[in-house]
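Here are the chains, one letter per residue:
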Amino acid sequence: MIRIYSRDYMRATIVLLCGLLFPFKTSNAEQARLSPEETLSLLQYLVPRSAVGPSTYGIASGYGLNHGQAFLSGSITNKRELEEERAGERIDGSYAAGIGIGDPSKSVGFEAHLGILSSTLGDQTEAGNLGFKIHRRTETASGPLGFAVGASNVAPWGDPTAIKTSYYGAASFLTTQSVFPELKPDIMVTGGLSTGARNTGEDPGVFFGLGGKITDTSSLSASWAGDEIIVGSVFQPDLRIPVMVSAGIADLTDRNNSQRLILSFSYTFDALKWSKK
């Protein structure tokens, strides 16, 4: 595995080692010491962290992005859901970006994302839509409980105009299972209602799913999305880099004659930290 070390990481390594190993070998010993806050900040560069958590792949959840948290992602699939345009193409791609505002644990959080659904050379940005979510998170004795209401396919252009805007409500619960002590994954349970859960977004229905974080770097899930089964997995190749790779199969049983493979890559980051640079 190739590891990528940024200049910030290398700088943090050098400063932390100097601060810990040589605190008195400078002209001013007091100034050479790192404060607890500085030490914690630098350790965040050094200690591997997993960005992968249990999730319910392919359906909306009751959780949302935290304040300033943002993502960029790209996806490819082997089958288009809408085939009015470019029906002969075997591979279809899309892009997405999102950001969170507000503290869902103290008041409410707001999440917005933009989807660009046309990625063929020559017609990028010719199809897309917006999505929004308002969410709230509360702590319980067993784990965090999240509630959300949102809308998808808002202000569509291009192909998505053939699908109506859908509205949903979802609840998710995160805990650690104890049924199989030898496994002990973190698990996430999600359930909800949507006005566009069935028939390619046309009819209302229910959705629910179960996901589990089975290792430090991977999770698996299975979901019912109104009228089809979706299974998926998320993997983080390098703990030091918040890049996730997800792969899934929608309409697993081909109930709607729309079985398709989906491969996605996403990168999460602190947009507020970027804005201060």
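Procedures and definitions
Residues numbered from 1 in each chain as written. Predicted model: local features only at pLDDT ≥ 70, side-chain atom pairs only at ≥ 80, totals over all residues. Heavy atoms only, no water. Helix = DSSP H or I, 4+ residues; strand = E, 2+ residues; numbered from the N terminus. Buried < 20%, exposed > 50% of the residue type's maximum accessible area, 1.4 Å probe, protein only. Contact = heavy atoms within 4.5 Å. Areas by Shrake-Rupley, 256 points an atom, 1.4 Å probe, with all protein chains shown as cover. Pairing = 2+ DSSP bridges. Axes fitted to C-alpha atoms, helices over the stretch in contact; angles between N-to-C directions. Patch = residues over 30% accessible without salt bridge, like charges linked within 9 Å, V, L, I, M, F, W, Y side chains within 5 Å. Salt bridge = Lys/Arg side-chain N within 4 Å of Asp/Glu carboxyl O. Core = buried A, V, L, I, M, F, W, Y, C linked by side-chain atoms within 4.5 Å. Phe/Tyr/Trp six-rings, centres within 6.5 Å; stacked < 30°, edge-to-face > 60°.

Caption draft 1: Representation of the overall build of the protein chain within the structure. Helix and strand content of the protein chain: 4 helices and 12 strands. A burial count over the protein chain gives 37% of its 277 residues as buried. Restricting to contacts in the protein chain with at least 6 residues of sequence separation, those with at least 24 account for 52%. Element-wise, carbon and sulfur atoms account for 63% of the exposed surface of the protein chain, whose accessible area totals about 15,800 Å².

Caption draft 2: How the structure looks around the sheet that holds strand E1 (residues 69–77). Taken in spatial order, the 12 strands close into a barrel running E1-E2-E3-E4-E5-E6-E7-E8-E9-E10-E11-E12, and their pairing is antiparallel. Averaged over all pairs of adjacent strands, the angle between strand axes in this sheet comes to 20°, irrespective of strand direction.

Caption draft 3: Inspection of the pairing of strand E6 (residues 166–176) at higher detail. With 8 bridges joining them, strand E5 (residues 144–157) and E6 adopt antiparallel strand pairing. Across the sheet, residue Leu-145 finds its bridge partner in E6, namely Phe-173.

Caption draft 4: Looking closely at a nonpolar patch on the surface. Where nonpolar side chains cluster on the molecular surface, the patch consists of Ile-101, Val-108, Phe-110, Phe-132, Ile-134 and Val-149 and spans about 490 Å² of accessible area. Its location among the elements puts Phe-110 in strand E3 (residues 109–116). Of the residues examined, Phe-110 reaches a relative accessible area of 34% and is grouped as partly exposed.

Caption draft 5: Up close: the nonpolar core. With 8 residues, the main nonpolar core is built from Tyr-57, Ile-59, Tyr-168, Ala-170, Phe-207, Ala-225, Ile-230 and Ala-250. Non-local contacts of Ile-59, meaning those with residues more than four positions away in its chain, are made with Thr-190, Phe-207, Phe-208, Gly-209, Ser-223, Trp-224 and Ala-225.

Caption draft 6: Spotlight on the packing of aromatic side chains. Scanning all chains against the criterion turns up 2 aromatic pairs. Measuring from centroid to centroid gives 5.9 Å for Phe-110 and Phe-132, while their planes differ by 25°, and the two rings are stacked. Here Phe-110 is found in strand E3, whereas its partner Phe-132 is found in strand E4 (residues 128–139), with 22 residues between them in sequence. Assessed through its relative accessible area of 31%, Phe-132 is described here as partly exposed. Both rings, one in Tyr-267 and one in Phe-269, keep their centres 5.6 Å apart while their planes meet at 20°; by these two values the pair is stacked. Residue Tyr-267 is classed as partly exposed on the basis of its relative accessible area, which comes to 30%. A residue is classified by how much of its surface remains accessible, and Phe-269, at 14% relative accessible area, is buried.

Caption draft 7: Geometry of unusual backbone geometry. A positive phi angle is found at Asn-199, which is not glycine, with a value near 55°. Tracing the sequence through the fold places Asn-199 in the loop between strand E7 (186–198) and strand E8 (203–215). The phi torsion at Asp-251 lies on the positive side, around 50°, for a residue other than glycine. Relative to the helices and strands, Asp-251 resides in the loop between strand E11 (243–250) and strand E12 (260–270). When its relative accessible area of 0% is taken as the criterion, Asp-251 is described as buried.

Caption draft 8: Molecular detail of the pattern of salt bridges. In this structure the tally under the stated criterion is 1 salt bridge. Its salt-bridge partner being Arg-260, residue Glu-228 comes within 3.1 Å of it at the nearest N-O pair. Residue Glu-228 is found in the loop between strand E9 (218–225) and strand E10 (229–235), and its partner Arg-260 is found in strand E12; the two are separated by 32 residues along the sequence. In this pair, the class of Glu-228 matches that of Arg-260, namely buried.

Nothing here speaks to function; it is geometry throughout.
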